[in-house]
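# Residue-level structure breakdown
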Amino acid sequence: MGLASDSAGFPFSAKLSAANSPRFCNPMSRRIFSDVAGDITVSVHGQSFLLHKFPLVSRCGRIRRMVAEAKDPDLSKLELVNVPGGATAFELAVKFCYGSNFEITTANVAHLRCIAEYLEMTEDYQEENLIVRTEMYLNDLVVKNLEKSLQVLCACEGLDPMVEDIGFVDRCVDAIAMNASKEQLVSGLAHLECDAGSGKLRMHCQDWWVEDLSALRIDYYQRVIAAMRRSGVRPESIGTSIVHYAQTALKGIERRHVWDSGPLVGDSQRVVVETLINLMATEKITAVTLSFLFGMLRMAIEVDAGLDYRIEVEKRIGLHLEMASLDDLLIPSMQTSESMFDVDTVHRILVNFLQRIEEDDSGDLSPCGYESDGLKSPSHGSILKVGRLMDGYLAEIAPDPYLKLQKFMTLIELLPDYARIVDDGLYRAIDIYLKAHPSLMESECKKLCKLIDCQKLSQDASSHAAQNDRLPMQMVVRVLYFEQLRLKSSFSGGHSGGGEYCSFSQRITMPISGSGVPSSCVSPRAAGAADSYASLRRENRELKLEVSRMRVRLTELEREQGMMKQGMRDGRPGEHGRAFFASISRGIGRMAMFGPAAGERRKKSSRATGTATSHCSEGKSRRRKKASVTYA
């Protein structure tokens, strides 16, 4: 924000004639008068001024005291240290002492007020001295105007600690907050419109000062926002201002690398990030978007902000996690040796979300079944959205070769069972992980696949799982078992009571004659039920036969998996590992999980294994049927 001079000047009344009007010469001459030689040289921050004692001691109490306390009666040199505003501000004060005309503006009033305080230019030495003149300008023009107050506060930089000691900053901050509140109230009343549809009043006004606040130093900005909050400025306007300040101050921030040594280049950005986060927390600013919170979280990670600040943002995100998108959660990790995505941060956000759900539900949400009252509650709707979101996130991070199995499983186990109505998304994520990590031990694969509820898989997912060579055999058997239950339930009309999946104890009852065949004295409806029962028995026999075939293939699959794992253990990750991960992460999100040729592969598999198992006796089939039930 530029600091323009006032359109109307604020000249001093005291003037000298043209003959004896003092003028400042160039720095080489160091002379004030062209006809009278100076009798004292004042040094300010390495720059010397050849001046006269009388105009200085008549208005400046500090210089009068220094001359009086000097042991040398012919004192000719003075040195001023720690001068607020430096040589530039001192030169303005000297002009005032000599009676030269110049304007007090928003750009120099802070410097004039500080140098006047430093030189003790009070009314005790001269009437209408520099302190009084600057106070008049401040009270008459600056405090009553929002734009001028902003300009003056911006000009206070570099004047510490004097500008703080005299309370100059506090007055500007209070003036900005008060004028913003008044302007917002007047502008809001002028733009009130009636909504014909709802009969409610709507406020349409644009706060121009939102962008101008971005020019303030971060500590000044923090004080202004706190004062605005106290004065009653709308939280929406404050939130908009915080967003604009962050976008302006953090523009072009560079990514910090873990191998960088020495002080961080982004220390100033870290202070800005931490201050803005602290401001939102202390002032309870909630009128910011979820995308902005994710942006602040990413910035906090980039500039290595304190963990407390990151946790504060994560808590705010957890309050509205159901509104997040998948891209928001894909936060790059700074620790590239562990994983390429910051899984720990997402884990903490999910924990905060679940804590909020528990507080909202107050124990009313039942995790035991989907027919409970919790299904209709807003909290359950939110957790279902988060469940779908997390399944997508798991599928995106699954191809990461650095992602540890324990972290992957911990993120899956964090969500309760009732967060997923179907487990197709979870199955897809686990399948991708198994494909990207072929060196997993069989025990680890079993442990991971146990997290999938086979009863929640759709028919397409079950068909895919039944042919998936990456899954453990126990998982495949469980899938086939529940597919058998699904078929039996569909034919027996067992959708009432136990839900979609029912047990083997459910039967279709029908009149049976003594010979063991259906009685002819039955109604057409009973005859139709008998046909359905016969069809169901045929389906059961086919499924049992398929289980037997899968068991015959078990030995061959284990041998092939052992060879593949041994090959992976002997291999080493090449230099193209990252390029492969980038390729698979781009393609896996758009890849269809169940291809159109799944049915054809299943038929080919059945034909290929049918010959190998045709010699099995009926007794062996019964024993295998009994063994398959133990996986349920």
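Predicted model only: the values in this text are computed from it and were never measured.

## Focus: the pairing of strand β3 (residues 77-80)
Burial of β3 is one-sided: the residues Leu78 and Leu80 facing one way are buried, the residues Lys77 and Glu79 facing the other way are not. The sheet contact formed by strand β1 (residues 40-44) and β3 spans four bridges and is parallel. Bridging across to β3, Ser43 finds its partner in Glu79.

## As for the nonpolar core
Leu119, Leu213, Tyr221, Met228, Tyr393 and Phe408 are the most contacted members of the largest nonpolar core, which totals 151 residues. Apart from the residues lying within four places of it in its own chain, the contact partners of Leu119 are Cys60, Gly61, Arg62, Ile63, Leu80, Phe90 and Ala93.

## What about the pairing of β1?
Sheet faces and side chains relate simply in a regular strand, where the side chains alternate between the two faces. In terms of burial, β1 is a largely internal element, four of the five residues being buried. The pairing of β1 with strand β2 (residues 47-51) spans five bridges and is antiparallel. Residue pairing for β2: Ile40 is matched across the bridge by Leu51. Where β1 folds back on β2, the antiparallel hairpin that results is connected by two residues, among which His45 adopts a positive phi of roughly 55°.

## Structural notes on helix α12 (residues 267-282)
Compared with an ideal rise of 1.5 Å per residue, which puts 16 residues at 22 Å, α12 spans 22 Å between its outermost C-alpha atoms and is within 8% of the ideal. Every buried residue of α12 is listed here: Gln269, Val272, Val273, Glu274, Thr275, Leu276, Ile277, Leu279 and Met280. Packed against the buried residues of α12 are α10 (218-231), α11 (235-249), α13 (290-302) and α14 (307-318). Positive backbone phi, at 55°, marks Lys284, one or two positions downstream of α12.

## Quick notes on the confidence of the model for the chain
Any segment with low pLDDT has predicted coordinates that should not be analysed in fine detail. Residues at a pLDDT of 70 or more form 64% of the chain, whose mean pLDDT is 74. Taken element by element, the chain is modelled with least confidence in helix α26 (residues 618-629), mean pLDDT 36, and with most confidence in helix α4 (residues 109-119), mean pLDDT 95. Within the model, the stretch residues 194-205 combines pLDDT values under 50 with 21 contacts to residues more than four positions away or in other chains. Contacts for the low-pLDDT stretch residues 572-632, under 50 throughout, to residues beyond four places or in other chains number 51 contacts.

## Digging into the sheet that holds β2
Spatial strand order, β2-β1-β3: three strands in an open sheet with mixed pairing. Since the sheet does not close on itself, it has two edges, and those belong to β2 and β3, each with one partner. Across the sheet, the axes of successive neighbouring strands diverge by a mean angle of 20°, strand direction being ignored.

## Observations regarding the packing of α11 against α12
For the pair α11 and α12, the least separation of the axes is 11 Å and the interaxial angle reads 175°. Taken together, the axis directions place α11 and α12 in an arrangement best described as roughly antiparallel. Facing Ile242, Tyr245, Ala246 and Ala249 of α11, the residues of α12 in contact are Val272, Leu276, Leu279 and Met280. The residue makeup of the contact of α11 with α12, split by class, is eight nonpolar, no polar and no charged.

## Things to note about the packing of aromatic side chains
Taken as a whole and judged by the stated rule, the model has four aromatic pairs. Ring geometry for Phe408 versus Tyr433: centroids 4.5 Å apart, planes at 10°, classification stacked. With Phe408 in helix α18 (residues 405-414) and Tyr433 in helix α19 (residues 424-436), this pair connects stretches of sequence that are 25 residues apart. Across this residue pair, the class does not change: Phe408 and Tyr433 are buried. When the ring centre of Tyr118 is taken as origin, the NZ or CZ atom of Arg62, which lies over that ring, is 4.0 Å away.

## Re unusual backbone geometry
With an omega of 0°, the peptide bond running from Asp160 to Pro161 counts as cis. Tracing the sequence through the fold places Pro161 in the loop between α6 (146-154) and α7 (162-165). At His45, a position not held by glycine, the phi torsion is positive, near 55°. Following the sequence through the fold, His45 ends up in the loop between β1 and β2. Positioned with a positive phi, Glu128 is a non-glycine residue whose angle comes to about 50°.

## Regarding the side chain of Ser339
With respect to the helices and strands, Ser339 occurs in the loop between α15 (326-329) and α16 (343-361). Looking at Ser339, its side chain comes within polar contact range of the main-chain oxygen of Phe341, at 2.7 Å. With residues up to four places along the chain from it excluded, the contact list for Ser339 reads Ser333, Asp400, Tyr402 and Leu403.

## Re the pattern of salt bridges
On inspection of all chains with the given rule, the structure shows 19 salt bridges. Salt-bridge contacts for Glu117 lead to Arg113; the nearest nitrogen and oxygen are separated by 2.8 Å. With a gap of four residues between them, Glu117 and Arg113 both fall in helix α4, about one helical turn apart. For Arg113, a relative accessible area of 9% translates into the label buried.

## Details of the environment of Pro399
Mapped onto the elements, Pro399 comes out in the loop between α17 (378-397) and α18. Residues Pro399 and Tyr433, 34 residues apart in the sequence, show an inter-C-alpha distance of 5.8 Å.

## Comments concerning the state of the cysteines
For the coordinates displayed, the defined rule picks out zero disulfides. Cys97 takes part in no disulfide bond, and the closest cysteine sulfur to it belongs to Cys60, at a distance of 3.7 Å. This cysteine, Cys154, is not joined by any disulfide, and Cys156 carries the nearest cysteine sulfur, 8.7 Å off.

## As for the packing of α19 against helix α20 (residues 442-449)
With their axes 11 Å apart at the nearest point, α19 and α20 run at an angle of 165° to one another. If you check the angle between α19 and α20, you find them roughly antiparallel. Where α19 crosses over α20, the handedness of that crossing is right-handed. Listed contacts from α20 to Ile430, Tyr433 and Leu434 of α19 are Cys445, Leu448 and Cys449. Within the contact of α19 with α20, the residues separate by chemical class into six nonpolar, no polar and no charged.

Procedures and definitions
Residues numbered from 1 in each chain as written. Predicted model: local features only at pLDDT ≥ 70, side-chain atom pairs only at ≥ 80, totals over all residues. Heavy atoms only, no water. Buried < 20%, exposed > 50% of the residue type's maximum accessible area, 1.4 Å probe, protein only. Helix = DSSP H or I, 4+ residues; strand = E, 2+ residues; numbered from the N terminus. Pairing = 2+ DSSP bridges. Core = buried A, V, L, I, M, F, W, Y, C linked by side-chain atoms within 4.5 Å. Contact = heavy atoms within 4.5 Å. Expected span 1.5 Å × (residues − 1). pLDDT = per-residue confidence, 0-100. Axes fitted to C-alpha atoms, helices over the stretch in contact; angles between N-to-C directions. Parallel < 35°, antiparallel > 145°, perpendicular 65-115°, else oblique. Nonpolar A, V, L, I, M, F, W, Y, C, P; charged D, E, K, R; others polar. Phe/Tyr/Trp six-rings, centres within 6.5 Å; stacked < 30°, edge-to-face > 60°. Lys NZ or Arg CZ within 6 Å of the ring centre and 35° of its normal. Polar contact = N/O pair within 3.5 Å; in protein donor to acceptor, adjacent residues only side chain to side chain. Salt bridge = Lys/Arg side-chain N within 4 Å of Asp/Glu carboxyl O. Disulfide = S-S within 2.5 Å. Left-handed = near helix turned anticlockwise from the far one by under 90°.

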